[in-house]
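Letter by letter, the chains look like this.
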There are 2 protein chains.
Amino acid sequence: MSNKKIVTLVKIGGNIIDDANELQQFLSDFSKIEGHKVLVHGGGKSATKMAKSIGLVPQMIDGRRITDAAMLEVVVMIYAGQINKEVVAQLQANNTNAIGFSGADGNLIQSEKRNHPTIDYGFVGDVKKVNTTLLQTLIEAGITPVFCAITHDKKGQLLNTNADTIASELAIALSEVYEVTLNYCFEKPGVLFDSEDDSSVIANMNAELYSKLKDEKAIHSGMIPKLDNCFNSLNKGVQKIRIGHHKMLKNTETICTTIQL
Amino acid sequence: MSNKKIVTLVKIGGNIIDDANELQQFLSDFSKIEGHKVLVHGGGKSATKMAKSIGLVPQMIDGRRITDAAMLEVVVMIYAGQINKEVVAQLQANNTNAIGFSGADGNLIQSEKRNHPTIDYGFVGDVKKVNTTLLQTLIEAGITPVFCAITHDKKGQLLNTNADTIASELAIALSEVYEVTLNYCFEKPGVLFDSEDDSSVIANMNAELYSKLKDEKAIHSGMIPKLDNCFNSLNKGVQKIRIGHHKMLKNTETICTTIQL
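Starting from 1, residues in each chain are numbered consecutively following that chain's sequence as written. Here chains are named by letter from A upward and ligands by number from 1 upward, in the order in which they appear as written. At least 70 in pLDDT is required for a residue's local features to be given in this predicted model, at least 80 for side-chain atom pairs to be given and counted, and no such filter applies to totals for whole chains, interfaces and linings, which use all residues. To obtain the side-chain values, all non-hydrogen atoms of the structure were included, while hydrogens and water were left out.

1. Considering the sheet that holds strand β13 (residues 240-245) of chain B
Residue and element names in this part refer to chain B. The condition that has to hold: Two strands pair under a simple rule: DSSP has to find at least two bridges between them. The way it works is that DSSP assigns letters per residue, a run of H or I at least four long becomes a helix, a run of E at least two long becomes a strand, and they are numbered from the N terminus. Two residues qualify as a contact provided that any one of their heavy atoms is within 4.5 Å of a heavy atom in the partner residue. Working convention: axes come from line fits to C-alpha atoms, limited for helices to the stretch in contact. Angles between N-to-C directions cover 0 to 180 degrees.
Overall, mixed pairing links the eight strands, which are arranged β5-β8-β2-β1-β11-β13-β14-β12 in an open sheet. Of all the strands in the sheet, the pair left with one neighbour each is β5 (98-101) and β12 (204-205). Bridge count for strand β2 (residues 36-41) against strand β8 (residues 144-147) is two bridges, and the pairing is parallel. Considered in β8, the bridge of Leu39 is made with Val146. Across the sheet, helix α4 (residues 69-93) is in contact with β2, β5 and β8; its angle to β5 comes to roughly 170°. Set on the sheet, helix α8 (residues 223-235) makes contact with β11 (179-186), β12, β13 and β14 (257-259); between it and β13 the angle comes to about 150°.

2. What about the UniProt feature "site: Transition state stabilizer" (unreviewed entry) in chain A?
Residue and element names in this part refer to chain A. To keep things clear, this is the line we draw: UniProt positions are given in the numbering used here, feature names are shortened, and annotations may be inferred rather than shown by experiment. Within 3.5 Å is the distance limit for a polar contact, defined as a pair of N or O atoms, with the added protein rule that one can donate a hydrogen and the other accept it, and that residues adjacent in sequence qualify only through two side-chain atoms.
Sequence positions flagged by UniProt for "site: Transition state stabilizer" (unreviewed entry) are, in local numbering, Lys11 and Lys226. Spatial clustering of the annotated residues is evident: they stretch over 216 residues in sequence, but the largest pairwise C-alpha distance comes to 12.3 Å. Its location among the elements puts Lys11 in strand β1 (residues 6-12). With residues up to four places along the chain from it excluded, the contact list for Lys11 reads Val40, Gly42, Ala163, Asp164, Ala167, Asn183, Tyr184 and Cys185. Within the structure, the side chain of Lys11 is placed 2.8 Å from the side chain of Asp164, a separation counted as a polar contact.

3. Some words on the packing of aromatic side chains
Rule in force here: Any two of the Phe, Tyr and Trp rings considered here, Trp counted by its six-membered ring, make a pair once their centres fall within 6.5 Å; the pair's planes then place it as stacked at under 30 degrees, edge-to-face at over 60, or tilted in between. Partly exposed residues are those whose accessible area sits between 20% and 50% of the maximum for their type, while under 20% is buried and over 50% is exposed, using a 1.4 Å probe and protein chains only. Here, a charge over a ring means that NZ of Lys or CZ of Arg falls within 6 Å of the ring centre while also lying within 35 degrees of the ring normal.
Enumeration over the complete set of coordinates arrives at six aromatic pairs over all chains. Residues B:Tyr210 and B:Phe231 carry aromatic rings whose centres are separated by 5.1 Å and whose planes lie at 15° to one another, so their mutual orientation is stacked. Taken together, the positions of B:Tyr210 in helix α7 (residues 207-215) and B:Phe231 in helix α8 put the pair 21 residues apart, joining distant regions of the chain. The exposure class of B:Phe231 is buried, given its relative accessible area of 8%. When the ring centre of A:Phe123 is taken as reference, the NZ or CZ atom of A:Lys113 above it lies at 5.4 Å. One cation-aromatic arrangement involves B:Arg114 over B:Tyr121; the distance from NZ or CZ to the ring centre is 4.6 Å.

4. Focus: the UniProt feature "binding site: substrate" (unreviewed entry) in chain A
Residue and element names in this part refer to chain A. With numbering aligned to this structure, UniProt lists the feature "binding site: substrate" (unreviewed entry) at Gly43, Gly44, Arg65 and Asn160. Look at the named residues: they lie 118 residues apart in sequence, but the longest C-alpha span between them is just 13.8 Å, so in the fold they bunch up. In this view, Gly43 contacts Ile17, Tyr79 and Ile83; residues no more than four positions away in its chain are not counted. The topology assignment puts Asn160 in strand β10 (residues 158-160). Residue Asn160 is classed as buried on the basis of its relative accessible area of 7%. In this structure, Asn160 is in contact with Arg65, Thr67, Leu72, Val75, Tyr79, Phe123, Val124, Gly125, Ala149 and Ile150, ignoring residues within four places of it in sequence. Separated by 3.0 Å, the side chains of Asn160 and Thr67 make a polar contact.

5. Describing the packing of helix α2 (residues 20-31) of chain A against helix α4 (residues 69-93) of chain A
All names here are of chain A. Put simply, the rule is: Here roughly perpendicular refers to angles of 65 to 115 degrees, roughly parallel to angles under 35, roughly antiparallel to angles over 145, and oblique to all remaining angles. Handedness of a crossing is defined here by the sense of rotation of the near helix relative to the far one, left-handed for an anticlockwise turn of less than a right angle and right-handed for a clockwise turn. We call Asp, Glu, Lys and Arg charged. Ala, Val, Leu, Ile, Met, Phe, Trp, Tyr, Cys and Pro are nonpolar, and the rest, Gly among them, are polar.
Running from N to C, α2 and α4 point in directions that differ by 55°, and their axes come no closer than 9 Å. Between α2 and α4, the angle is such that the two are oblique. Judged by the twist between their axes, the crossing of α2 over α4 is right-handed. Between α2 and α4, the contacting residues are Leu23, Gln24, Leu27, Phe30 and Ser31 on the first element and Val87, Gln90 and Leu91 on the second. For the contact of α2 with α4, a count of residues per class yields five nonpolar, three polar and no charged.

6. Remarks on unusual backbone geometry
All names here are of chain B. At Asn95, a residue that is not glycine, the phi angle is positive and equals roughly 60°. Inspection of the secondary structure puts Asn95 in the loop between α4 and β5. With a relative accessible area of 65%, Asn95 lands in the exposed category. Phi is positive for Lys217, which is not a glycine, with a value near 60°.

Structure representation (structure tokens):
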């Protein structure tokens, strides 16, 4: 058994952000998690809506947003401004002493602009390093960090960064110091054998089963990068990962997918 | 002589925020200030511009913004998102370890919704208390806090708050622990005897002179709430206040108005 203190890291997706009642319920449940905790939130549809309302045409390639200068302004104001501060204010109302961060704040997450051979993703950053020392200082001071999906290159440039990846990189960095459980919360009850059947949750997933299910094409395209990300985190020291509906945070008997090596 | 450590608190107005070159120069100079420092920024014209671009009609009474629900969303995204994160990223590039905050973050500035007998200001907050303990922890950890003009009521409601007032309240709170110099930086070289003549800077202002100049109507309307604010801060423990152009931060021989009791 490890003597490390526990940190519960939770990533919530856009579908929770977009539903005011769901978000409120989630933040109330999240606040009740005992011990140290960290939250990472996605952006939801607000950025797309705002972009359209000021006349921008959002572009996506393989589920990743193409972020030109105008779109970067929008995601910064929506992710780091509107959503992050709304989440922080609601957590404060739930007596969780949250502070909202982009990766630029405290140089907590430094990234570098993606340099792709064929696609210009624009102002998109791939995580380079996490300032674990400062993050630990904040956590030990009783702070619950709330991260949005914005990072920076330490040269003055803000960058849009995938929220799943931020959660995974934070979990890896924190696992040097803490015993980390990473929870990906989304609208489904877990990883499904049959994507059309919500009752077909795979309760326990390991590398062997994952390999088998990939061979059998039982796990489809969208889930593959997510699970690759998970196994990467586990290989780098994260103790446990769960994927499922956010009610798993409240009720330990809720079915979800637990991933371990 | 006090044995307290020094904190330099700087408030920059909208005219610096709105000019990319001025802002860059200011942030470079600010980064060179030795010792502990804190920055408070206004909103500039970006919020008004964004509000107009999504079809809102900004309303002001006596220089204070009327903040309905839609306008609150705009100021939160512009002040706490776009401007705050841009400033933080640039300070990081200047090797200043900045973290951007709204008052909701860490419950650093709690306010209450203004209840005015005749004017409904909407979601506007008057500062109630500053979390000095956490602010001190952050400053001692080597962090340079960067505050935008958004606070919260600790019940989940974000509130728009005057940036000059935030600077003043932070200065008062910090003066319990530090020797605080508060610097209001704007486009003018200081408080002027003649508002049309930039060479007429009043170099030293005290309560007696202020009272005399008010009686003589030499100090005009817009400057009165600003100076009342200053004397309130001085009466509550702030050691020194300066009003002037931001180049006074870099060059100590720059003319400006120094206010002491």
